[in-house]
Structure formats: C-alpha cells, structure tokens
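Structural overview for review
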Amino acid sequence: MSAGDPEGARDRTLAQIDANLEPSLARLFDLLRIPSISTQPDHAGDCRRAAGWLSDLLGGMGFDASVRETPGHPIVVAHDRSARHGPHVLFYGHYDVQPIDPLSLWDTAPFEPVVRNGAIIARGASDDKGQVMTFLEACRALREAEGELPVLVSIILEGEEESGGENLLPFLKANADELRADVALICDTGMVGHEIPAITTMLRGLVGEEIVISAADRDLHSGIFGNAARNPIHVLADIIAGLRDEAGRVTLPGFYDGVTDVPEAVRAAWNRIGLTDEAALGPVGLSIPAGERGYSALEQTWARPSCEVNGISGGYQEPGFKTVLPAKASAKISFRLVAGQEPERIRAAFRDYVRSRIPGDCAVEFRPHGGSPACAVPFDGAPLAATLRALGEEWGRPAVTIGSGGSIPVVGELQQALGMNALLVGFARDDDRIHSPNEKYDVDSFHRGIRSWARILHALAAI
Ligand code: BES
Ligand code: ZN
C-alpha cells in the first residue's frame, strides 16, 4: 500500500500516532500495573503475567507471537512478516523492572501509574516498559495506517535484564536461525538533556558479587565477647575500604589491565556535548566527582571502570540499640567494566582479594550476580546514519552518538550469539529516576518516541 509514496504513508502514520495517544497511554498503563520485579521470587507469577500480556498484545496486532519458556522468567518472541521487502530488524526490550524499595519514598503507588506534570509515574515507566511500548505502538500505528510494516520485524522481550539473569544467551543461541536479523534495535537508553536525541554506542559491562562473611556460630553479647571475638562487620568494612585507594582507583591487582583512555577525538566530541560536572551531578544534589581523580564525571561514568557497594547488611537494624556482635555480615558489590576488561578475570581477582582478608576462624561465601563485558557498537554503516537522520527530523535538531555508564548485557550477547550489531535508541531523560522512587517517563518522551520509531523504520526501509 505504501510502496508508491513512502513519505505520504509515513505522514499518515505520524497523524495516526498523534490521534491515538490516549489509547496508547492506556495500554502502557495496563502493562505498568503488573509488578514484574524479576529479582524477587514472589513476583515470578507477575513476570509471567507481563509476558503473557505482551504476547497477547502483539498477537492482537497481527504478530505471530508466543511466550517461550526458559529455566527462569519466560521470553516473548514475535514476528511480523507483512513487509514485502526491506531489511529485517530484531527489536529487543525487557518487561522486568527493579524492586520498589524504599516504598516510603514514593509519592504515589509504584504500580498504579498516574500522569503528573506531563510525566507518567510508575516503576518501569521509563525502564523499560514505557520505552518498549514506544516501539510496539509505532508498529501498531504503521499497521493501522499503512496496512503493513516498512521492514520485517522480529521482537524479543525478556524478563531477567534487571536481575542479571543467565537464560537469555542460551536462548539466543538455541534460536539463532529464528532470531538473526540484519540489525538489532534496542530501546533502553536515554537522550542528552531533554531535547537532544542520541544513539548510545558504548556501554559498560558489569560484574556483581554478593559476599557473606561468617564469624561466630551465633550472635553474641558485645560486652561479654567483644574485642576477643571477631566482628564480621569490621572484616567487611576493611574489605570494602581497601577496594579503592585515595585517588579513587580500584586496588584489585590487574583491574586496569587492558584499559585504555578514550581516543582524543571521542573525548573532544563528548566535551562538545557540554556536560560539566555541575550539569552531571547538580540535578541529584551533588557537586564533587567521587571516582578516579583526573577524570570528569562524564568520563568516570562513560569511560572508566569502577567499583560500587550496592547494599550492605549485618547487625541490629531495628529501632533502638542492641549491643550485639552479629554472626554474619554481607554486602552486594558491583564492578562496572570498560573495553579490555574480562568479567571472569575481575571476579576471580575480587574473590582472591576477599579471601586474603578473611581471618582463619571466619568464612566467606560468594554469590555471583551477572557478568557481562563492556561493548562498543562499531557502527559507522548506513543504518546508523539513517537512524541519526530520522531522529534529527523528529526532534528538530541533530542527533548525537554518546556513551553510557549503564549495562545492557544483551548487546554483547547479540554480537556473540548472532553476530549482530545493535542500534541503541532511547528517549529516557536524565531526571527519569530509573531504579529510584518516583520513576517517571515524560508523556512527550513516549509520544515522540513512538513517532521516532515510525520514522526510523521508514528510514531503514529506504536504505
Ligand atoms: N536501561 C538500563 C541501562 C541503562 C540506563 C542504559 C541508562 C543507559 C542509560 C538497564 O535496564 C539496567 O539498568 N541495566 C542494569 C543491568 C544489570 C542489572 C545487569 C544496570 O546497568 O545496572
Ligand atoms: Zn532497562
């Protein structure tokens, strides 16, 4: 139907998107009401429900959609073969969300979405349900307005992205022939500021380790045993304190092996974006970069590896005071990796370091949580150029390529299992509070995100 006049067809689709924003929002709200927190076993049923909801939605849109089992949360796969020609794209997103704690800091219920001041507020509004729905709603409008999609589209939606799940890579390998496409499209990243559209071409990797240190075989009275009996919180505190030196560098032997500074040209391009330390940290109430000395806040997050403590526990946590020596203390520690670092070598170096600091009468247990290398998308080809152009047209200013401090393990896995590169296009804004209370996604991100995908699919069809 659109073959003769692709631009006219595209404009009909854009008008369709504008006219149907309300029902599009209503569908997103239905998805946001499902508390699909992948890391909490109590929510396994909700993860399954979200997968079923998405599969039904895609089926209703004319996709050949199914919920596929894995040893963990299911994966949704769907195909639309209405396009008669054009490249084949594989869209990836995740339907799982982060935990909501601390609940007391939310102004509204995390799974009862509302619109306030032009923003959709709910857990997952931005990361990643709102972003996933920008693509699905674009496909819906394209089918409704043009009768077919401009390119062949396959979709894969997973439920273990936020919990470092290990089931996606084997699934990709086992279904390689079904899933392989010319290019992957991922909507799980952000823009620069509020108005500059961006394609992310560098992501950091991640190694997570939970350590549990055990000392005495029970909790002890800290007067009767203190000083003589080992306190595992002290052991843990020493371990954590020793992980970074005065200058903010990680102390693990070999940690920086293979790490290089970003090329001067990249550094210059980033500087042109003009993200000062104040601009990066001011919005969250801080001003002093806390990582490696000599690097800007932007470089510390986009281009330097790091070590962070994400959680710590041990001892009496209830109101009041209890003079106790706990039997155990634990921490959740993660390393963000850049190109050149191997996740399993870093994990081994960390474990060696921890073991070397455990007293002879104590013990340590390690629980791994995910490991993925950093990835760069070597994408100077036509799809990148076409996508930058399409984004520029929608947002009325040139799109840029950026790095990101976050991790999206599937990017490396797609390269490894299917030999595919991904274009990372997202509409999240820096103040979306992803992973935090009061997560939001601007209605404008959602609306223009949908419009952007309609333009991008048309632009890819024209290559
Ligand atoms: N969408 C984020 C990653 C992201 C955030 C990329 C902002 C670019 C800008 C993703 O869902 C996420 O949070 N990933 C986890 C992965 C981990 C649990 C394996 C992360 O980065 O902590
Ligand atoms: Zn995400």
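What you see is a predicted model; the values in this text were computed from it and never measured.

Basis of the calculations
Residues numbered from 1 in each chain as written. Chains lettered and ligands numbered in written order. Predicted model: local features only at pLDDT ≥ 70, side-chain atom pairs only at ≥ 80, totals over all residues. Heavy atoms only, no water. Donors = N, O, S within 2.8 Å, 3.2 Å for Na, K, Ca; no water. Tetrahedral: all angles 85-135°; square planar, octahedral: opposite > 155°, others 65-115°. Buried < 20%, exposed > 50% of the residue type's maximum accessible area, 1.4 Å probe, protein only. Core = buried A, V, L, I, M, F, W, Y, C linked by side-chain atoms within 4.5 Å. Contact = heavy atoms within 4.5 Å. Pairing = 2+ DSSP bridges. Helix = DSSP H or I, 4+ residues; strand = E, 2+ residues; numbered from the N terminus. Axes fitted to C-alpha atoms, helices over the stretch in contact; angles between N-to-C directions. Phe/Tyr/Trp six-rings, centres within 6.5 Å; stacked < 30°, edge-to-face > 60°. 1 Å grid on protein atoms, 1.4 Å probe; cavity = no way out; pocket = protein on both sides within 12 Å on 5 of 7 lines; lining within 4 Å. Points joined across faces, edges and corners; volume = space filled by probe spheres on them. Nonpolar A, V, L, I, M, F, W, Y, C, P; charged D, E, K, R; others polar.

1. Some details on the coordination of the zinc ion (ligand 2)
Protein ligation of the zinc ion (ligand 2) involves His-94 (NE2), Asp-127 (OD), Asp-188 (OD) and Asp-188 (OD), the donor distances falling in the range 1.8 to 2.7 Å. Around the zinc ion (ligand 2) sit six donor atoms, and with donor-metal-donor angles ranging over 53 to 160 degrees the site reads as irregular. We classify Asp-188 as buried; its relative accessible area is 13%.

2. Describing the nonpolar core
Grouped together as the largest cluster of nonpolar side chains are 63 residues, with contacts concentrated most on Phe-135, Ile-155 and Trp-453. Residue contacts for Ile-155: discarding those within four places in its chain leaves Leu-58, Phe-63, Val-76, Val-77, Ala-78, Leu-90, Phe-91, Phe-135 and Leu-136. Ranked by size, the runner-up nonpolar core spans 27 residues in total, among them Leu-236, Leu-252, Ile-333 and Ala-349.

3. Focus: the sheet that holds strand β4 (residues 114-116)
Read across the open sheet, the three strands follow the order β4-β5-β18; overall the sheet is antiparallel. Only two strands of the sheet have a single neighbouring strand rather than two, namely β4 and β18 (440-442). On average, adjacent strands in this sheet sit at an angle of 30 degrees to one another, irrespective of strand direction. Judged from the three bridges that link them, strand β5 (residues 119-121) and β18 form a sheet pairing that is antiparallel. Directly across from Ala-119, in β18, lies its bridge partner Asp-442. Together, β4 and β5 form the strand contacts of helix α2 (residues 21-32), whose direction differs from that of β5 by roughly 25 degrees.

4. Concerning unusual backbone geometry
Geometrically, the link from Asp-101 to Pro-102 is a cis peptide bond, its omega value of -5 degrees lying close to zero. Along the chain, Pro-102 turns up in the loop between β3 (88-94) and β4. Residue Asp-128 follows Asp-127 across a cis peptide bond; omega there is 5 degrees. Locating Asp-128 in the fold gives a position in the loop between β5 and α4 (129-146).

5. A short note on the packing of aromatic side chains
Describing an aromatic ring pair means giving the distance of the ring centres and the angle of the ring planes. As enumerated under the stated definition, the model contains nine aromatic pairs in all. Their ring planes at 5 degrees and their centres at 4.1 Å tell us that Phe-91 and Phe-135 sit as a pair that is stacked. Of this pair, Phe-91 sits in strand β3 while Phe-135 sits in helix α4, and the two are 44 residues apart along the sequence. Using a relative accessible area of 0% as the deciding quantity, one classes Phe-91 as buried. Note on Phe-135: relative accessible area 0%, which makes it buried. Note on Phe-91 and Trp-453: the rings are 5.9 Å apart at their centroids and 85 degrees apart in plane angle, and the pair reads as edge-to-face. Taken together, the residues Phe-91 in strand β3 and Trp-453 in helix α14 (residues 443-461) connect sequence positions 362 residues apart.

6. What about empty space enclosed by the protein?
According to the stated counting rule, one finds three cavities of 30 Å³ or more in the structure shown. Roughly 60 Å³ of internal volume is contained in the largest cavity. Along its surface, the largest cavity is lined by Gln-16, Ile-17, Asn-20, Ser-24, Arg-27, Glu-137, Arg-140, Ala-141, Glu-144 and Ile-450. At the level of secondary structure, the elements contributing two or more residues to the lining of the largest cavity comprise α1 (6-19), α2 and α4. The dominant element in the lining of the largest cavity, judged by the number of residues it contributes, is α4, at four residues. A class-by-class count of the residues in the lining of the largest cavity yields three nonpolar, three polar and four charged. Its boundaries defined by the atoms lining it, the second largest cavity holds a volume of some 40 Å³. Considering the residues around the second largest cavity, the lining is formed by Asp-261, Val-262, Arg-267, Tyr-295, Glu-299, Ala-303 and Arg-304.

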